[in-house]
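One-letter residues, chain by chain:
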Amino acid sequence: MSNLTDLNEKIAKCDACRLCKQRKRAVPGEGREDAEIMFIGEAPGWHEDQQGRPFVGPAGQFLDELLQSINLKRSEVYIANVVKCRPPSHRDPLPDEIGACRKWLDRQMELIKPKMIVTLGRYSMARFFPGATISKVHGTSRTSEGVTYFAMYHPAAALHQGSLRGVIMEDMLKIPPFLTQAEAVPEEPTPQKSKKAEKVPKVEKAEKPGKGEKIEKVEKGASAEKAEQTEPKQLSMF
Ligand code: SF4
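**Some thoughts on the pattern of salt bridges**
Two side chains carrying opposite charge are able to pair once their charged atoms lie near each other.
Here comes step 1: Tallied over the entire structure, the rule returns 13 salt bridges.
Here comes step 2: Note that Glu30 and Arg53 form a salt bridge whose closest N and O atoms lie 2.9 Å from each other. Here Glu30, found in strand β1 (residues 30-31), pairs with Arg53, found in the loop between α2 (46-51) and α3 (58-69); they are 23 residues apart in sequence, far enough to count as distant.
Here comes step 3: The partly exposed category is assigned to Arg53, whose relative accessible area is 34%.
Here comes step 4: For Glu65, the salt bridge goes to Arg165, with nearest N and O atoms at 2.9 Å. Here Glu65 is found in helix α3, whereas its partner Arg165 is found in helix α8 (residues 163-173), with 100 residues between them in sequence.
Here comes step 5: With relative accessibility at 40%, the residue Glu65 sits in the partly exposed group.
Here comes step 6: Overlapping salt bridges bring together Arg18, Arg91, Asp96 and Glu97 as one network.

Structure follows, in structure tokens:
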């Protein structure tokens, strides 16, 4: 059994927060165990809870399209969420739930050691681009300790606000050059890979901004917005 499989079994039995009470299945994540690129969303929705797999609902179908647009398959990447169990009634995960679940995402990153992490939506953005706002930081990257972080809207945002579909697709097309750069960076020697996410971001402008989109530097200390969600929600949540 691989370390990641072992970890997934522990996540499936986790009762560290209230979300364990109503879940049908925990959704640890799936994909290549040595993936160069990892996509991190918010939390499982209804479809994910039923199947125990991430991004299998309508937002997941759009994510599949996005991956295809840059010639990537699910089997070549790793897909996970900040929170591994479904919050009830389509609500956002609460801070204590995110805190309780953080250890699992930390361990996943330690085991997978991705060269690039793509944040999908506001909750994972808040983790890796502290103080940023999604409308300003999407389509931009930062690097820290050999890992490239790239921010995107959650795919579910396009299901509620059609104008964001093109923005998300254009942001996705910016990933390959960043990934090529990230893959060229030598593996860092430190064993504590999870610490890399704690540094203050150095945001780099993407090479080519999306049509009609203005890419701005992230202001350290600005208020983070509320997070997006995997399941359909109000537009303001994205
Ligand atoms: S959401 Fe995370 S911390 Fe909470 S029960 Fe599920 S796996 Fe455990």
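The discussion continues.
**Examining the pairing of strand β6 (residues 147-152)**
Here comes step 1: With six of six residues buried, β6 lies mostly within the body of the structure.
Here comes step 2: Residues Val147, Tyr149 and Ala151 line one face of β6 and the alternating positions Thr148, Phe150 and Met152 line the opposite face, and both faces are buried.
Here comes step 3: Pairing geometry for strand β4 (residues 116-120) and β6, over five bridges, is parallel. Pairing of Val118 across the sheet is with Phe150, part of β6.

**Here's the deal with the site of the ligand**
Here comes step 1: For the ligand, the full set of nearby residues is Cys14, Ala16, Cys17, Leu19, Cys20, Arg23, Val83, Lys84, Cys85, Ala100, Cys101 and Trp104.
Here comes step 2: The pocket occupied by the ligand, as judged from atoms lying within 2 Å of grid points, is the largest cavity.

**Some details on empty space enclosed by the protein**
Here comes step 1: This model, assessed by the stated rule, comprises four cavities of 30 Å³ or more.
Here comes step 2: Considered as a void within the structure, the largest cavity measures approximately 100 Å³ in volume.
Here comes step 3: Residue lining of the largest cavity: 14 residues in total, with Cys14, Cys17, Arg23, Cys85 and Cys101 positioned closest to the centre.
Here comes step 4: Tallying contributions element by element places helix α4 (residues 95-112) first for the lining of the largest cavity, with three residues.
Here comes step 5: Class assignment of the residues belonging to the lining of the largest cavity gives a composition of 11 nonpolar, no polar and three charged.

Thresholds applied
- Residues numbered from 1 in each chain as written.
- Predicted model: local features only at pLDDT ≥ 70, side-chain atom pairs only at ≥ 80, totals over all residues.
- Heavy atoms only, no water.
- Salt bridge = Lys/Arg side-chain N within 4 Å of Asp/Glu carboxyl O.
- Helix = DSSP H or I, 4+ residues; strand = E, 2+ residues; numbered from the N terminus.
- Buried < 20%, exposed > 50% of the residue type's maximum accessible area, 1.4 Å probe, protein only.
- Pairing = 2+ DSSP bridges.
- Near = heavy atom within 4 Å.
- 1 Å grid on protein atoms, 1.4 Å probe; cavity = no way out; pocket = protein on both sides within 12 Å on 5 of 7 lines; lining within 4 Å.
- Sits in = over half its atoms within 2 Å of the grid points.
- Points joined across faces, edges and corners; volume = space filled by probe spheres on them.
- Nonpolar A, V, L, I, M, F, W, Y, C, P; charged D, E, K, R; others polar.

Taken by themselves, the reported measurements are silent on function.
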